[in-house]
Amino acid sequence: MNDENTVLRVEDLRVQIETDTATLDILHGVSFDIKRGETLGIVGESGCGKSMTALAIMRLAQKNVKVSGKIELCGESLLDMDMKQFRAIRGNRMSMIFQEPMTSLNPVFTVGHQLMEVFRLHQGLNKKEARAKAIEALRMVNVPMPEKRVDCYPFELSGGLRQRVMIATALACRPELLIADEPTTALDVTIQAQVLDLMCKLRDELGTAIAFITHDLGVVSELCTRTIVLYCGDIMEQGTTEDLFTKPLHPYTEGLKASLPERGDRGRLQTIPGAVPSALDFPKGCVFAPRCPYATERCAQAKPPLYDMGNGHTVRCFRYEEVSK
Ligand SMILES: Nc1ncnc2c1ncn2[C@@H]1O[C@H](COP(=O)(O)OP(=O)(O)OP(=O)(O)O)[C@@H](O)[C@H]1O
Ligand SMILES: [Mg+2]
């Protein structure tokens, strides 16, 4: 199934972390793909493996993290490349934006310097050309007075502007793939809406494939054509965002949806009982069974496979027929 529109293909992605005392299985064989111009939502509660998925793809995980499986960018295997080859791709054909811009912007250089580096490194431009491109990139993300802001240090800018600079840096080389890990969580609501608009605009202009990681199902329903629901390092459900929201088949998706505030309905907000287990003791059987209102003895014993519902909709639950009733 090698579709020429497929930008990112992740197959059976596994991540293990070696600690002093144990080997933790963080991701257990995650598979998905993202097509050109498509935004895929990756959702799930804190600790379910969203950031680890992103870091594994970007090869930014720490040394004690073992990544296996297949990750392909436009058909090229990323895990088989040496770091030198990979660095020519990262920040160029694929890039990432983080929750907190200060983690990826260097505080000791001006934003212009950091943007210019991208153009000099990946496009071989000289200083003057790179500076002109940097100003253009800031203008593209609606930074006011880009000719002035280009000489600012990150700390001289507001959180919203820093986030725009990070987006400008990530998109500078018109990447085929952008991974956004909670890109707007730290921003206030108005700025958040502006940043999301901007990402959509750039996606539509450049055809960038986006993986959008978030807790916020409201944002997912606006932004993402397809969504995967992660829990304890496994995909619980995957499908079009519309299918997932209108007819969730996994009790976990149903629970996440019930905890989404609807207009005028704040009083009846439900949360999923219990907490995400630690990677040290994931339940055997279905990982969600201890918190699941539908669980039976079978769920506690055996891990459900992914059932294919057609239309790209898959669900990892023995009881999906009950959920859909
Ligand atoms: N360096 C590490 N050492 C041990 N465990 C780790 C390490 N980094 C992450 N983990 C574990 O890996 C799991 C997945 O973490 P990850 O950061 O991917 O979660 P997340 O879904 O991004 O959560 P959040 O929504 O809070 O950002 C968690 O159980 C976490 O405790
Ligand atoms: Mg995270």
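Because the structure is predicted, anything quoted here is derived from the model rather than measured.

Basis of the calculations
Residues numbered from 1 in each chain as written. Chains lettered and ligands numbered in written order. Predicted model: local features only at pLDDT ≥ 70, side-chain atom pairs only at ≥ 80, totals over all residues. Heavy atoms only, no water. Pairing = 2+ DSSP bridges. Helix = DSSP H or I, 4+ residues; strand = E, 2+ residues; numbered from the N terminus. Contact = heavy atoms within 4.5 Å. Axes fitted to C-alpha atoms, helices over the stretch in contact; angles between N-to-C directions. Domains from an automatic or database assignment. Buried area = accessible area lost by both parts, 1.4 Å probe. Salt bridge = Lys/Arg side-chain N within 4 Å of Asp/Glu carboxyl O. Polar contact = N/O pair within 3.5 Å; in protein donor to acceptor, adjacent residues only side chain to side chain. Nonpolar A, V, L, I, M, F, W, Y, C, P; charged D, E, K, R; others polar. pLDDT = per-residue confidence, 0-100. Near = heavy atom within 4 Å. Areas by Shrake-Rupley, 256 points an atom, 1.4 Å probe, with all protein chains shown as cover. Parallel < 35°, antiparallel > 145°, perpendicular 65-115°, else oblique. Left-handed = near helix turned anticlockwise from the far one by under 90°.

A. Representation of the sheet that holds strand S4 (residues 65-73) in the model. Read from one edge to the other, the open sheet built from four strands follows the order S2-S1-S4-S5, with strand pairing classed as antiparallel. The open sheet has two edge strands with one neighbour each: strand S2 (23-35) and strand S5 (76-77). Pairing of strand S1 (residues 6-18) with S4, which is carried by eight bridges, proceeds in the antiparallel orientation. Bridged to Ile 17 within S4 is Val 65. Strand contacts of helix H1 (residues 50-57): S1, S2 and S4, with the helix running at about 110 degrees to S1, the strand carrying the most contacts.

B. Fine view of the environment of Thr 23. You can see Thr 23 is positioned in strand S2. Sequence separation of Thr 23 and Cys 286 is 263 residues, and the distance between their C-alpha atoms is 20 Å. Among residues more than four places away in sequence, those in contact with Thr 23 are Gln 16, Ile 17 and Glu 18.

C. Structural context of the domain arrangement of the protein. Domain annotation of the protein identifies domain 1 (6-93 + 173-261 + 268-320) and domain 2 (104-172). Computed over C-alpha atoms only, the centres of domain 1 and domain 2 are separated by 29 Å. Listed per partner, the contact involves 21 residues of domain 1 and 14 residues of domain 2. Sorting the residues of domain 1 by area buried against domain 2 places Cys 173, Leu 198 and Leu 202 first, and these three jointly supply 38% of that buried surface. Our count for the contact surface shared by domain 1 and domain 2 stands at zero salt bridges. Viewed at the interface, domain 2 and domain 1 are joined by six residue pairs in polar contact (both at pLDDT 80 or more). Secondary-structure elements contributing two or more residues to the side of domain 1 that touches domain 2 are helix H2 (83-89) and helix H7 (189-206). Among the elements that make up the side of domain 1 that touches domain 2, the one with the highest residue count is H7 (nine residues). For the side of domain 1 that touches domain 2, the class distribution of residues is twelve nonpolar, four polar and five charged.

D. Molecular detail of the confidence of the model for the protein. Here the protein shows a mean pLDDT of 90. Residues at 70 or above account for 96%. Within the protein, strand S12 (residues 314-315) carries the highest mean pLDDT (98), whereas H7 carries the lowest (83).

E. Just the environment of Met 140, in detail. You can see Met 140 is positioned in helix H4 (residues 127-140). In this structure, Met 140 is in contact with Arg 174, Leu 198, Lys 201, Leu 202, Glu 205 and Leu 206, ignoring residues within four places of it in sequence.

F. Main features of the site of ligand 1. In the vicinity of ligand 1 there are 13 residues, among which Ser 46, Gly 47, Lys 50, Ser 51 and Met 52 approach most closely. At 3.2 Å, a backbone N or O of Cys 48 approaches an oxygen atom of ligand 1. For ligand 1, the accessible surface in isolation is 640 Å², of which the surrounding protein chains cover 66%. Broken down by secondary-structure element, the contributors of at least two residues to the shell around ligand 1 are S2 and H1. Of the residues assigned to the shell around ligand 1, the class counts are five nonpolar, six polar and two charged.

G. Seen up close, the packing of helix H6 (residues 159-171) against H7. The contact between H6 and H7 brings their axes to 10 Å, and the two run at 15 degrees. Viewed along their axes, H6 and H7 adopt a mutual orientation that is roughly parallel. For H6 against H7, the interelement crossing comes out right-handed. Counting all contacts with H6, which are made through Gly 160, Arg 164, Ile 167 and Leu 171, the residues of H7 involved are Ile 191, Gln 194, Val 195, Leu 198, Met 199 and Leu 202. Looking at the contact of H6 with H7, its residues break down into seven nonpolar, two polar and one charged.

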